[in-house]
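Structural overview
If you want the building blocks of each chain, they are given just below.
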Amino acid sequence: MVLQRIFRTVIMGPPGSGKGTVSGRIVKRFGLTHLSSGDLLRANIKAQTELGLLMKSCIDQGQLVPDDVISRLILTEMRSIEQSSWLLDGFPRTVAQAETLDSVCSVDTVINIDVPFQTIKQRLTSRWLHLPSGRVYNIDFNPPKISGLDDVTGEPLIQRDDDTPETITRRLKSYEIQTQPVLEYYRSKGMLETFSGTETNKIWPHIQAFLSKKLFPQNETVVGKA
Ligand SMILES: Nc1nc2c(ncn2[C@@H]2O[C@H](COP(=O)(O)OP(=O)(O)O)[C@@H](O)[C@H]2O)c(=O)[nH]1
Ligand SMILES: Nc1ncnc2c1ncn2[C@@H]1O[C@H](COP(=O)(O)OP(=O)(O)O)[C@@H](O)[C@H]1O
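Structural notes, computed from the coordinates. Given the structure is predicted, the values throughout are model-derived calculations rather than measurements.

Regarding the site of ligand 2
- Around ligand 2 sit 19 residues in total, of which Pro15, Ser37, Gly38, Leu64 and Gly90 are the nearest.
- Where the shell around ligand 2 is concerned, the elements lending two or more residues are α2 (37-46) and α3 (50-60).
- Ranked by the residues each element gives to the shell around ligand 2, the list is headed by α2, at three residues.
- Here the residues of the shell around ligand 2 sort into nine nonpolar, six polar and four charged.

Put into structure tokens, the structure is as follows:
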């Protein structure tokens, strides 16, 4: 499917709401380039860059990394894919970050996945991750074909150091205090589209229909006409 113009979207939601899972589906269905702040930070930690080493303790404690650090990282990455349509996952997480993003580009729409915190807590302790690609699994929801191994590469999966019950509680708190105001920021600009539920498979068809309409308005069926 070829897009007629550059399309930029942000996906938001509390930790564990399914942003990575839905992003994978959006990439597959609409061919947007996925930019994930969490994946970028984890790649830096894995490669033991100076930035990665500095940020690891912050992330493991369930705190947000400083605005200037993550903004620089994301904007550098964004510049390298300037001519592509993209999907930004995990950024912005503060109003200051949203303002920085606004100052460099215009975003077409913001997708907000709204899942109750109680549902999330269960999910995150059984999350498994393929670090190089960011592919996520869950032992209850979408287990890998072979336990502990990535379906595509056969490489080992890991559990994130910040997916412990105590850190999850801290991340949810920081979401409430620092990130929920970003929803208000986008809502007041008329850019926010919220999808609520407890199951990704039920939320996904609505997101897919919404994006189809945004990306390919010419394909919309005209109801009521012969
Ligand atoms: N049980 C269950 N797990 C899900 C569902 N959707 C996603 N997950 C899992 O929940 C965890 C968090 O999802 P993820 O996409 O990583 O969320 P993110 O932190 O918002 O990016 C992963 O282990 C997913 O496989 C769902 O509908 N039900
Ligand atoms: N935009 C951001 N601002 C500050 N910290 C961030 C940002 N994105 C990611 N991080 C850090 O990386 C951690 C993991 O992010 P992510 O993979 O997006 O996790 P989650 O599953 O919590 O949505 C966050 O808890 C935070 O410490």
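Description of the packing of helix α1 (residues 19-30) against helix α8 (residues 200-215)
- The geometry of α1 relative to α8 is characterised by a closest axis approach of 11 Å and an angle of 40° between their N-to-C directions. When the axis of α1 is compared with that of α8, the two are oblique. In terms of crossing hand, the pair formed by α1 and α8 is right-handed. In this structure, α1 contributes Thr21, Val22, Arg25, Ile26, Arg29 and Phe30 to the contact, and α8 contributes Thr200, Trp204, Ile207, Gln208, Leu211 and Leu215.
- Residues of the contact of α1 with α8, tallied by class, amount to seven nonpolar, three polar and two charged.

Describing the site of ligand 1
- As a structural note, the neighbourhood of ligand 1 is formed by 20 residues, with Lys19, Gly20, Arg127, Asn138 and Phe141 the closest of them.
- Put simply, the parts of the chain that give the shell around ligand 1 at least two residues each are α1, α6 (117-124), β6 (135-138) and α8.
- Among the residues making up the shell around ligand 1, the classes are represented as five nonpolar, ten polar and five charged.

Digging into helix α5 (residues 95-104)
- Among the residues of α5, those classed as buried are Gln97, Ala98 and Leu101. The buried residues of α5 occupy an angular sector of 100° when projected down its axis, which confines them to one face.
- Residues of α5 that are buried sit in contact with α4 (67-79) and α7 (165-188).

Rules and cut-offs
Residues numbered from 1 in each chain as written. Chains lettered and ligands numbered in written order. Predicted model: local features only at pLDDT ≥ 70, side-chain atom pairs only at ≥ 80, totals over all residues. Near = placed C-beta within 6 Å. Helix = DSSP H or I, 4+ residues; strand = E, 2+ residues; numbered from the N terminus. Nonpolar A, V, L, I, M, F, W, Y, C, P; charged D, E, K, R; others polar. Axes fitted to C-alpha atoms, helices over the stretch in contact; angles between N-to-C directions. Parallel < 35°, antiparallel > 145°, perpendicular 65-115°, else oblique. Left-handed = near helix turned anticlockwise from the far one by under 90°. Contact = placed C-beta atoms within 7 Å. Buried ≥ 20, exposed ≤ 12 C-beta atoms within 10 Å, placed from the backbone. Arc of directions from axis to C-beta.

Geometric values such as these leave the question of function open.
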